[in-house]
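An overview of the molecular structure
The residues making up each chain are set out below.
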Amino acid sequence: MNLENLKESFGTLSETINALLAYGYTHNFNVKEDCIICHGTEISLSPEEFKIDKVYRFDGDSDPEYQSVLYLISSLDNNIKGTLVDGYGISFDSFSSSIIEKLQTHTGEGN
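Before going into details, it helps to say that this report is about the structure given with it. (Residues numbered from 1 in each chain as written. Predicted model: local features only at pLDDT ≥ 70, side-chain atom pairs only at ≥ 80, totals over all residues. Heavy atoms only, no water.)

**Thoughts on the overall build of the protein chain**
Inclusion rule: In this description a helix means any DSSP run of H or I spanning at least four residues, a strand means any run of E spanning at least two, and both kinds are numbered starting from the N terminus. For each residue, the accessible area found with a 1.4 Å probe, counting protein chains only, is set against the maximum for its type, and the residue is called buried under 20%, exposed over 50%, and partly exposed in between. Two residues qualify as a contact provided that any one of their heavy atoms is within 4.5 Å of a heavy atom in the partner residue. Values of accessible area rely on a 1.4 Å probe in the Shrake-Rupley scheme; residue burial ignores everything except the protein chains shown.
Along the backbone of the protein chain there are 2 helices and 6 strands. The buried share of the protein chain, taken over its 111 residues, is 39%. Considering only intrachain contacts with a sequence separation of at least 6, the fraction spanning at least 24 residues in the protein chain is 49%. Of the roughly 6,400 Å² of accessible surface on the protein chain, 46% is carried by carbon and sulfur atoms.

**Some remarks on the environment of glutamate 8**
Here is the rule: Polar contacts, as used here, are pairs of N or O atoms within 3.5 Å; protein pairs need one atom able to donate a hydrogen and one able to accept it. Residues neighboring in sequence count only if both atoms are side-chain atoms.
Of note, glutamate 8 is situated in the segment before α1 (13-20). For glutamate 8, a relative accessible area of 56% gives the class exposed. For the pair glutamate 8 and lysine 54, spaced 46 residues apart in sequence, the C-alpha to C-alpha distance is 9.6 Å. For glutamate 8, the contacting residues outside a window of four places in its chain are Lys54 and Tyr56. Side chain to side chain, glutamate 8 and lysine 54 meet in a polar contact 3.0 Å long.

As structure tokens, then:
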């Protein structure tokens, strides 16, 4: 799948997550200590084992608590693809430093 074919917007956060299933982003990642983990499969990836394919930002028009970032993540050594949702602004959650660093390296690439 060519990442250039991904739309810049699929609508809301939930609409985007649902649309990305068709592109193979089927895993739901969460941050745990210094890695990301997919509950249910117990797949965990350290910052060196994944890349950020694309970043989507969602701004809550009426409530700043609904600001979020959706990261499309894929592993470097196999075909695991998924999403990671995080808040920013008022709802920013403190990721571990290595995960923050990894995510920040990809947020300025025009995605």
